[in-house]
Amino acid sequence: VLCCRTGNITLFEQVLNENSLTINKRGLQLLFSKIKAMVYARLILRIRETYNEFHVPYSALRYGFQYYGQEVTDEEITCIINSLVLLGHLKCYAS
């Protein structure tokens, strides 16, 4: 729950690794992939709130991901944003 509220990717990955046997045993992989999308969406929304603008540069998004230990390129950020828009977690566009 804390991961979804804060957008903390590192904590989510840690919880996922600690409970991987239980997740696999109970067939909860799809659920956790959807939760991961929610964590990414929350992180992007928090970066936008922190930046206090509607037009957020890729460098700010890249720094937000780096803060939680995720090295991503601009292309990967674009893919993440487009995926989140398709899932209905974000209402925006990447340009």
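Preceding this paragraph is the structure being described.
Since this is a predicted model, take the numbers as computed values, not measurements. (Residues numbered from 1 in each chain as written. Predicted model: local features only at pLDDT ≥ 70, side-chain atom pairs only at ≥ 80, totals over all residues. Heavy atoms only, no water.)

Visitor: What exactly am I supposed to notice about the packing of aromatic side chains here?
Guide: Here the distance between the centres and the angle between the planes together describe a pair of aromatic rings. In the structure shown here, the tally under the stated rule is 3 aromatic pairs. For the ring pair Tyr67 and Tyr68, a centre distance of 5.1 Å and an interplane angle of 80° mean the geometry is edge-to-face. Taking the relative accessible area as the measure of exposure, Tyr67 reaches 59% and is therefore exposed. Judged by relative accessible area, Tyr68 falls into the buried class, the value being 14%. (Phe/Tyr/Trp six-rings, centres within 6.5 Å; stacked < 30°, edge-to-face > 60°. Buried < 20%, exposed > 50% of the residue type's maximum accessible area, 1.4 Å probe, protein only.)

Visitor: What am I meant to see in the pattern of salt bridges here?
Guide: Close approach of charged atoms lets side chains of opposite charge pair. Going through the model one piece at a time under the given rule, you end up with 3 salt bridges. Residue Glu49 is joined to Arg42 by a salt bridge in which the shortest nitrogen-to-oxygen separation is 3.8 Å. Its relative accessible area of 44% is what places Glu49 among the partly exposed residues. A relative accessible area of 27% places Arg42 in the partly exposed class. In this structure, Arg62 engages Asp74 in a salt bridge whose closest nitrogen and oxygen atoms are separated by 2.3 Å. With Arg62 in helix H5 (residues 58-67) and Asp74 in helix H6 (residues 74-87), this residue pair connects regions lying 12 residues apart in the sequence. (Salt bridge = Lys/Arg side-chain N within 4 Å of Asp/Glu carboxyl O. Helix = DSSP H or I, 4+ residues; strand = E, 2+ residues; numbered from the N terminus.)

Visitor: Looking at this structure, how should I read helix H4 (residues 29-51)?
Guide: Because each turn of an α-helix spans 3.6 residues, side chains separated by three or four positions in sequence point in the same direction. Taking 1.5 Å of rise per residue, 23 residues should cover 33 Å, and H4 covers 33 Å from first to last C-alpha, within 8% of that figure. Along H4, the residues classified as buried are Phe32, Ala37, Val39, Tyr40, Ala41, Leu43, Ile44 and Ile47. In this structure, the buried side of H4 is in contact with helix H1 (2-6), helix H2 (9-18), helix H3 (20-26), H5 and H6. The first or second residue beyond H4 is Asn52, which carries a positive phi of 60°. (Expected span 1.5 Å × (residues − 1). Contact = heavy atoms within 4.5 Å.)

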